[in-house]
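A look at the structure
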Amino acid sequence: MRTLSARFRAALYRENMEEVPAMLITITHPDLTTPLHFSSDPTERISTEPLLYGTVSRGTQYNFVPFQVTLPADQDDAPPTIDITLSVVGREAVPLLRSAIEPPSVTLEIILAQYPDDVEAVFPDFDLVSASYGGDSATISLAIDSMASEPFPAGSFTPSYFPGMF
């Protein structure tokens, strides 16, 4: 169960929202010199040449890219997965998606655009497990490398492995 601030809950329950929830995405990978930062909201104009909108949160600039997120469900029997559809994908992103041997690590954060330094929810350490792209959009699927899906103990106590037990 996630604990959200009273301000965030009040904004969600209002019929006409004045505060806009925004999603921040941080992508890290050993092949990247700096992490990639994206925002779902054009909170402010970052620059005029080139024209660039985005969100500045805790001193980090998140560039605006339209995307749609399907958040993980709270299920006990399945590891959490997130699907993100990026509406505008540059041609430079496709080779990165194709050539990555080690999966990039992705962190998602939810904020109110009017209060960008107050993070309401964090979904950290997701791995990019699949990507599909076509035209000017890409869909990436994220999952947690869950230790819950690993068998414990590592070996099975069967007669073939442990004949002295039986």
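Up top is the structure.
Attention here is on the structure that accompanies the text. The structure presented is a predicted model; accordingly, all values stated were derived computationally and were not measured. (Residues numbered from 1 in each chain as written. Predicted model: local features only at pLDDT ≥ 70, side-chain atom pairs only at ≥ 80, totals over all residues. Heavy atoms only, no water.)

**Remarks on unusual backbone geometry**
Defined as follows: Elements are defined by DSSP. Helices are runs of H or I of four residues or more, strands are runs of E of two residues or more, and each kind is numbered from the N terminus.
Note that the residue after Glu 49, namely Pro 50, is joined by a cis bond; omega there is 0°. Here Pro 50 is to be found in the loop between strand E3 (44-48) and strand E4 (51-57). You will see that Arg 58, though not glycine, has its phi angle at about 55°, which is positive. Relative to the helices and strands, Arg 58 is located in the loop between E4 and strand E5 (60-64). In the Ramachandran plot, Asp 125 falls in the positive-phi region, its phi being about 60° despite a non-glycine side chain.

**Thoughts on the packing of aromatic side chains**
Between two aromatic rings, the relevant description is the distance of the centres plus the angle of the planes. Rules: We call Phe, Tyr and Trp rings a pair once their centres come within 6.5 Å, taking the six-membered ring for Trp, and we label the pair stacked below 30 degrees between planes, edge-to-face above 60, and tilted otherwise. Lysine NZ or arginine CZ positioned within 6 Å of the ring centre and within 35 degrees of the ring normal marks a charge as sitting over the ring.
In this structure the tally under the stated criterion is zero aromatic pairs. If you follow Arg 7 out to its NZ or CZ, it ends over the ring of Tyr 115, 3.7 Å from the centre.

**A short note on the pairing of strand E2 (residues 36-39)**
For the record, the criterion: Only strands that DSSP links by at least two bridges are regarded as paired with each other.
As defined by bridge partners, strand E1 (residues 21-28) adjoins E2 across four bridges and the pair is classed as antiparallel. When the sheet's bridge partners are listed, Leu 24 is paired in E2 with Ser 39.

**Observations concerning the side chain of Glu 120**
Applied cut-off: Summary of the burial criterion: residues with accessible area below 20% of their type's maximum are buried, those above 50% are exposed, and those between are partly exposed, where the area comes from a 1.4 Å probe applied to protein chains only. This count recognises Lys and Arg as positive and Asp and Glu as negative, with His and chain-terminal groups excluded. By definition, a salt bridge exists where a carboxyl oxygen of Asp or Glu is found within 4 Å of a side-chain nitrogen of Lys or Arg. Polar contact is defined as a pair of N or O atoms within 3.5 Å, subject to the rule that within protein one atom must be able to donate a hydrogen and the other to accept it, and that residues adjacent in sequence are counted only when both atoms are side-chain atoms. Throughout, a contact is declared for two residues whenever any of their heavy atoms are within 4.5 Å.
Among the secondary structure elements, Glu 120 is positioned in strand E9 (residues 115-134). Here Glu 120 sits buried without a salt bridge, and the closest side chain of opposite charge, Arg 7, lies 5.0 Å off (N-O distance). Side chain to side chain, Glu 120 and Ser 5 meet in a polar contact 2.9 Å long. The contact partners of Glu 120, leaving out residues within four places of it in the chain, are Thr 3, Leu 4, Ser 5, Phe 8, Ile 110 and Ile 111.

**Structural notes on the pattern of salt bridges**
Overall, the coordinates contain three salt bridges when judged by the stated rule. One salt bridge in this structure joins Arg 7 and Asp 118, with 2.7 Å as the shortest N-O distance. Here Arg 7 is found in helix H1 (residues 6-13), whereas its partner Asp 118 is found in strand E9, with 111 residues between them in sequence. In this structure, Arg 58 and Glu 109 form a salt bridge, with 2.8 Å as the shortest nitrogen-oxygen distance. Of this pair, Arg 58 sits in the loop between E4 and E5 while Glu 109 sits in strand E8 (residues 105-112); the two residues are 51 residues apart in sequence, bridging distant segments of the chain. Take Glu 109: its relative accessible area is 9%, and that puts it in the buried class.

**A few points about the sheet that holds E9**
Short version of the rule: Axis lines are fitted through C-alpha atoms, for helices just across the contact stretch, and the angle between N-to-C directions can take any value from 0 to 180 degrees.
Overall, mixed pairing links the ten strands, which are arranged E3-E4-E5-E2-E1-E8-E9-E10-E7-E6 in an open sheet. At either end of the open sheet lies a strand with only one pairing partner, and these are E3 and strand E6 (67-70). Mean inter-strand twist for the sheet, computed between neighbouring axes without regard to direction, equals 35°.

**A word on the nonpolar core**
Stated formally: To qualify as a nonpolar core, a set must consist of buried Ala, Val, Leu, Ile, Met, Phe, Trp, Tyr and Cys residues joined through side-chain atoms within 4.5 Å.
Formed by 21 residues in total, the largest nonpolar core has its most connected members in Ile 25, Phe 67, Ile 82, Ile 84, Leu 108, Phe 123 and Leu 142. For this core, the secondary-structure elements that each account for two or more residues are H1, E1, strand E7 (81-86), E8, E9 and strand E10 (137-143). Ignoring sequence-local partners within four residues, the contact set of Ile 84 consists of Ile 25, Phe 67, Gln 68, Val 69, Leu 108, Ala 138, Thr 139, Ile 140 and Leu 142.

**Re the environment of Gln 68**
Take Gln 68: it is sitting in strand E6. Residue classification places Gln 68 among the exposed residues on the basis of a relative accessible area of 57%. For the pair Gln 68 and Asp 83, spaced 15 residues apart in sequence, the C-alpha separation works out to 8.2 Å. Filtering out sequence-adjacent residues up to four positions away, Gln 68 remains in contact with Asp 83, Ile 84 and Thr 85.

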